[in-house]
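Overview (structure and organization)
Spelled out from the first residue to the last, the chains are:
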Amino acid sequence: MDQQFEGTLIHAKGRVSSVVAMFIAELSLPIKIEVLEKIEMTREPEHLKLNLNGRVPVYFEGSRENPTFVLVESAAIAMYLLEKYDKEHKLLPKVGDLHKRAKTFQFFSFASCELYPFIAKSWEIMYRPGQTPERMGAELAELGKKWKNEYEPFLIKEIGDKKYLLGDDFSAADLIMSYTIGMLAFGILDAKSPVLYAYYQRLAQRPAFKSIFDNMGPKKE
């Protein structure tokens, strides 16, 4: 019997839509994932009808031709799916747990407003047409200062002596951060930062994380 899907995610491998794909995998949701063969497909008329910005992710319910509901932005889609499907609060803290819910929203905002643009900037530097090795190295070094001076200390303080961001249990706060931590593991995050590196290793054990990043990660030093 064919699986009955209740929604569709348009996803491109390696892109921020990976965040939503991890939520779908972690909760085993009845959501169909359509993977674009190439990112240029986001500029095609069929895609632009769903998202005029020509980006991923896009989530919709109903048919592509006549959707009943469309949502863009990874954090918004992830929160919608949590509110709709996580009735047992496996990932999203209960409404009455005000502090943990507030912290969850903090990390949703931090990931989407701070870290996603940070990663996008690094890609822009590396793949800019006409970029030279010397200029790329200088720009990435300057960008790295922001990580070392702002983002890394903040995350280390938030983790503290806990296993995860909200305590000993994996939560939506960790899942929303998984994409950025996984991408940072390709270069800027390494064993020189023991708290974050240990956190990365815990995240990397999750099946949803592996489904996106497979065996890719930082080299130990």
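Remember, it's a predicted structure, so these values are computed and weren't measured experimentally. Here, residues in each chain are numbered from 1, in the same order as that chain's written sequence. Only residues with pLDDT of at least 70 are given local features in this predicted model, and only at 80 or more are side-chain atom pairs given and counted; all residues enter the totals for whole chains, interfaces and linings. By convention in this description, side-chain values take in all heavy atoms of the structure and omit both hydrogens and water.

This next bit is on the packing of helix 5 (residues 133-159) against helix 7 (residues 194-203). The angle between two axes is taken between their N-to-C directions and runs from 0 to 180 degrees, where each axis is a line fitted to C-alpha atoms and a helix contributes only its stretch in contact. For helices the rule is a DSSP run of H or I covering at least 4 residues; for strands it is a run of E covering at least 2, with both sets numbered from the N terminus onward. Close contact between helix 5 and helix 7 brings their axes to 9 Å; oriented N to C, the two are set at 65°. Comparing the axis directions of helix 5 and helix 7 gives the class roughly perpendicular. Of the two elements, helix 5 crosses helix 7, and the hand of that crossing is left-handed. Along the contact surface, helix 5 presents Trp-147, Glu-152, Leu-155, Ile-156 and Ile-159, while helix 7 presents Val-195, Leu-196 and Tyr-199. Its residues assigned to classes, the contact of helix 5 with helix 7 shows seven nonpolar, no polar and one charged. Each angle receives one of four descriptions, namely roughly parallel if under 35 degrees, roughly antiparallel if over 145, roughly perpendicular if within 65 to 115, and oblique otherwise. Crossings are classed by handedness, with left-handed meaning an anticlockwise turn of the near helix from the far one by less than a right angle and right-handed meaning a clockwise turn. The contact rule is simple, with two residues in contact once any of their heavy atoms fall within 4.5 Å. Polar here means any residue outside two lists: the nonpolar Ala, Val, Leu, Ile, Met, Phe, Trp, Tyr, Cys and Pro, and the charged Asp, Glu, Lys and Arg; Gly therefore counts as polar.

Predicted coordinates in regions of low pLDDT should not be interpreted in detail. Residues with a pLDDT of 70 or more make up 95% of the protein chain, whose mean pLDDT is 91. A score from 0 to 100, pLDDT tells how confident the predictor is in each residue. Within the model, pLDDT remains below 50 along residues 215-221, and this stretch shows 15 contacts once partners closer than five positions in the same chain are excluded.

Once that is clear, we can look at the nonpolar core. Here is a general trend for soluble globular proteins: nonpolar side chains tend to be buried in one another's company. Among buried residues, the Ala, Val, Leu, Ile, Met, Phe, Trp, Tyr and Cys ones that are joined through side-chain atoms within 4.5 Å form a nonpolar core. Think of it in three bands: with a 1.4 Å probe and only protein chains considered, a residue is buried below 20% of the maximum accessible area for its type, exposed above 50%, and partly exposed in between. Membership of the largest hydrophobic core comes to 58 residues, with the highest contact counts inside it found for Phe-23, Leu-82, Phe-108, Ile-176 and Met-177. Secondary structure elements with two or more residues in this core: helix 1 (18-27), helix 3 (74-85), helix 4 (98-127), helix 5, helix 6 (172-184), helix 7 and helix 8 (207-213). Discounting chain neighbours no more than four positions away, the residues touching Leu-82 are Phe-23, Leu-27, Leu-91, Leu-92, Phe-108 and Ala-172.

Before going further, it helps to examine the pairing of strand 3 (residues 58-62). Of all five residues making up strand 3, four are buried, and the element is well covered by its neighbours. The pairing criterion is simple: DSSP has to find at least two bridges between the two strands. Strand direction decides the pairing type here: strand 1 (residues 7-11) and strand 3, joined by three bridges, are antiparallel. In the sheet register, Leu-9 faces strand 3, and the bridge partner there is Tyr-59. Bridge analysis of strand 3 against strand 4 (residues 67-72) gives five bridges, and the strand direction is antiparallel. Counterpart to Glu-61 in the pairing with strand 4 is Phe-69. Counting the residues that bridge the hairpin from strand 3 to strand 4 gives four residues.

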